[in-house]
Amino acid sequence: MSHLSERPENPVVGVSMPHESAFQHVTGTALYTDDLVHRTKDVLHAYPVQVMKAHGRITALRTEPALAVPGVVRVLTGADVPGVNDAGMKHDEPLFPDEVMFYGHAVAWVLAETLEGARLGAAAVEVEIDERPSLISLRDAIAADSFHGARPVMVTGDVDAGFADSAHVFTGEFQFSDQEHFYLETHAALAHVDEADQVFVQSSTQHPSETQEIVAHVLGLRSHEVTVQCLRMGGGFGGKEMQPHGFAAVAALGAKLTGRPVRLRLNRTQDLTMSGKRHGFHAAWKIGFDADGRIQALDATLTADGGWSLDLSEPVVARALCHIDNTYWIPHARVTGRIARTNKVSNTAFRGFGGPQGMLVIEDIMGRCAPLLGLDPAELRERNFYRRGQSTPYGQPVVHPERISAVWDQVKADARVSEREREIAAFNAEHPHTKRALAVTGLKFGISFNLTAFNQAGALVLIYKDGSVLINHGGTEMGQGLHTKMLQVAATSLGIPLHKVRLAPTRTDKVPNTSATAASAGADLNGAAVKNACEQLRQRLLQVAATQLGTSASDIRIVEGVARALGSDAELAWDDLVRTAYFQRVQLSAAGFYRTEGLHWDAKTFRGSPFKYFAHGAAAAEVEVDGFTGAYRIRRVDIVQDVGDSLSPMIDIGQVEGGFVQGAGWLTLEDLRWDSGDGPHRGRLLTQAASTYKLPSFSEMPEEFNVTLLENATEEGAVYGSKAVGEPPLMLAFCVREALRQAAAAFGPGGVGVELASPATPEAVYWAIQAARHGDPSRNGHAGDGPTGDEQAADGRLRTDAEALSGA
């Protein structure tokens, strides 16, 4: 076992414990960025001047009327920017634009003594624009050839030969929805300038170092003149990886120009209309199977709705391509990615970061094709699982393919799948207007940032004379339990009780140049850095203990806060050991560092091994569907997730549960709608509140919900043998959508490939039922129900190889 993954005697990792801030969360004492306003004197409030047109050139911007509003102190415009007027890393996101690119684009910000004064001031600003044509739907952007950014192509094998050798060839299209993050805490920043003219920004950000970088270049400063701190976030899910930077820069610019603290917090409507979502995708595909139902070839084009600027769209599309295989070996593949430019908010990272979109395409294909191949969907999936010696389409070997089968077999056993399928068949035979179905899906999700340079982390660990320990690391806490795990890692590494360790807020002046807390890599990277720092300190303390106990350092063990010599009763308490080390002038602070080894990636050829390992999981869902309305309920869900040797089992189970429910929301409920008409509100987000945007709640939770962590699953080369857990469980929700597809199919004759829109709302399920009853999948999704979201329905009719060849 590797040194990084090996656990010592009586480790604190692996013990179930509550979130480190759970008490503060439930009692309301946990502080978030905007709470700090009430502890800050003379704060000014920022409010955006939004233009309610989808696209147009600004011809006049008159701020004087705002300055006449009582309490208004200043209106910030592009003329006030001393540095670079840009809020993005691609330099395509002007902080103060002269061209409106989406409905609700902020073109200026008003600062006032009160939030109400700032709101009234923003309403008084006069903006005139020369309105221009806009592209709202993804389909319209594709038709207009409106694209930006890279167009990667992933190729493996001989695609034409693969299709020639296929006994069955199918083609189809699939368009599926974007998703709103809807974190509890909206975007927020609080900035002030100290007596040394240093800028300090409190920001609700997943990427403090990048927030620091953007603030610095907007203000024309060096990074060491800007400090960014993230106390905690009320949720992030990727929405606060890139998009907080501009809001922090506005607050910092206001503080710099006025000499007063500036608070910026978006209300819910502003957050929904001004910040990006998960990318909606369109997929056009062709797939070939041999006579036994094994995939021979895949040719697909994935188009992401990037919105008005690039943001993180390029790496999102790259990860989608890297995950289109999911758990299936595809010997011959050609997959192209592209980014549509539309006049909507700039879409961004969201839990899974393109992986869910890529995996959804192949799972939709498998679900649609299984009946046409005369196979049970679970059997079709099993036949195509990776086996030892096989590699992904981008060339990375799948090192532990047996994990795919292990979680699959365990979930089938735990869920009594065979027995319950017989019960479901009996139920369906007796109930013509209500059908049940049970579906099983698996996942293989790569863990690491696709950009190799991001796979590094730092930490600073301080031991004080009284034996207490303070940890600083580069990861941010958004409720996912990262800080809890880091406390457990530090206590385990030092060999001390958990209560002796405290964790400081994440700030750029303690740990520099950090990567975003994203890609499910927060615990892997920061945990290894914390462990590295603690081991440096431990080695120094072992030398001190060896001197005191009269033995060699290699014979000393520090366990539960006591240093003991092997083969002896001699011992030294932790507090005494630390105090002795201080008087011996031993350094009691250490900077830790970690870089993920074994990664390489060539973005141009789309080849390499971008991931440290793959996380695996499987889930089984049973649903019941009403044939008259399409309404449904999730009766039971069983999950087995591979998290290696869990650092904190209760935290991990919570992440699996939460990720699954969020994925089910994306796939079945959350239907973003945009006004794509030619009226005055073209481009307006129509679902801009919880009243119109359906989020999963207790009523959507499975009636029975069983989550199991795979045992004996140590991951070599990862901190204490653990695996990532943040993103992978979201994709387990594919089983809910596939169960709904199978339930809809049960209303019709066998052997029909049922198309199902995503999100699979009750309306979408109803139309799928109607199509199944008529044995015609082309009736689904477009047969009078109206498009869901941005024409978010399954597009086109699944065609057999004979139809495709005849041009039908």
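Residues numbered from 1 in each chain as written. Predicted model: local features only at pLDDT ≥ 70, side-chain atom pairs only at ≥ 80, totals over all residues. Heavy atoms only, no water.

A.B. asks: Which residues make up the pattern of salt bridges, and what are the values?
C.D. replies: Summed over the entire model, instances satisfying the criterion amount to 53 salt bridges. Ionic pairing is found between Asp 638 and Arg 420, a salt bridge with its closest N-O pair at 3.7 Å. With Asp 638 in strand 28 (residues 632-641) and Arg 420 in helix 13 (residues 417-430), the pair connects residues that are 218 residues apart, well separated along the chain. Owing to a relative accessible area of 4%, Arg 420 belongs among the buried residues under this scheme. Taken together, the shared-partner salt bridges in this structure form one network comprising Glu 363, Asp 364, Arg 368, Arg 381, Arg 737, Glu 738, Arg 741 and Glu 755. (Salt bridge = Lys/Arg side-chain N within 4 Å of Asp/Glu carboxyl O. Helix = DSSP H or I, 4+ residues; strand = E, 2+ residues; numbered from the N terminus. Buried < 20%, exposed > 50% of the residue type's maximum accessible area, 1.4 Å probe, protein only.)

A.B. asks: If you had to explain the sheet that holds strand 21 (residues 556-559) to someone new, which residues and values would you point to?
C.D. replies: With respect to topology, three strands assemble into an open sheet ordered 21-22-23, the strand pairing being antiparallel. Either end of the sheet is taken by a strand with one partner, and the two such strands are strand 21 and strand 23 (571-573). The sheet shows a mean angle of 20° between the axes of neighbouring strands, direction not considered. Pairing geometry for strand 21 and strand 22 (residues 562-565), over four bridges, is antiparallel. Directly across from Ile 556, in strand 22, lies its bridge partner Ala 565. Here helix 16 (residues 574-583) sits on the sheet and contacts strand 21, strand 22 and strand 23; the angle it forms with strand 23, its principal contact strand, is near 85°. (Pairing = 2+ DSSP bridges. Axes fitted to C-alpha atoms, helices over the stretch in contact; angles between N-to-C directions. Contact = heavy atoms within 4.5 Å.)

A.B. asks: Residue-level account of the layout of surface pockets, with values.
C.D. replies: Its boundaries defined by the atoms lining it, the second largest pocket holds a volume of some 700 Å³. Every residue lining the second largest pocket is counted, 32 residues in all, and those nearest its centre are Glu 314, Pro 315, Asn 450, Leu 451 and Phe 454. Element by element, the count of residues in the lining of the second largest pocket is highest for helix 9 (residues 313-322), at six residues. Of the residues that constitute the lining of the second largest pocket, the class distribution is 19 nonpolar, five polar and eight charged. (1 Å grid on protein atoms, 1.4 Å probe; cavity = no way out; pocket = protein on both sides within 12 Å on 5 of 7 lines; lining within 4 Å. Points joined across faces, edges and corners; volume = space filled by probe spheres on them. Nonpolar A, V, L, I, M, F, W, Y, C, P; charged D, E, K, R; others polar.)

A.B. asks: Requested: an account of helix 3 (residues 115-124), with residues and values cited.
C.D. replies: Those residues of helix 3 that sit buried are Gly 117, Ala 118, Gly 121 and Ala 122. Angularly, the buried residues of helix 3 cover 135° about the axis, an arc narrow enough to put them on a single face. Where the residues of helix 3 are buried, they touch strand 1 (44-51), helix 2 (64-67), strand 3 (72-76) and strand 5 (105-112). (Arc of directions from axis to C-beta.)

A.B. asks: Could you give me a rundown of the sheet that holds strand 29 (residues 704-709), with the residues and numbers involved?
C.D. replies: A sheet is described by the order of its strands in space; here four strands give the open sequence 16-27-28-29, paired in mixed fashion. In this open sheet, the two edge strands, each paired with only one partner strand, are strand 16 (434-447) and strand 29. This sheet shows a mean twist of 15° between the axes of neighbouring strands, independent of strand direction. By the bridge criterion, 14 bridges tie strand 16 to strand 27 (residues 613-626) in an arrangement that is antiparallel.

A.B. asks: Give me the lowdown on helix 14 (residues 482-494), citing residues and values where you can.
C.D. replies: Relative to the 18 Å expected for 13 residues at 1.5 Å per residue, helix 14 spans 18 Å between its end C-alpha atoms, a close match to the ideal helical length. Of all 13 residues that make up helix 14, 13 are buried, and the element is covered over most of its length. Among the residues trailing helix 14, Gly 495 stands out with phi positive, at a value near 80°. (Expected span 1.5 Å × (residues − 1).)

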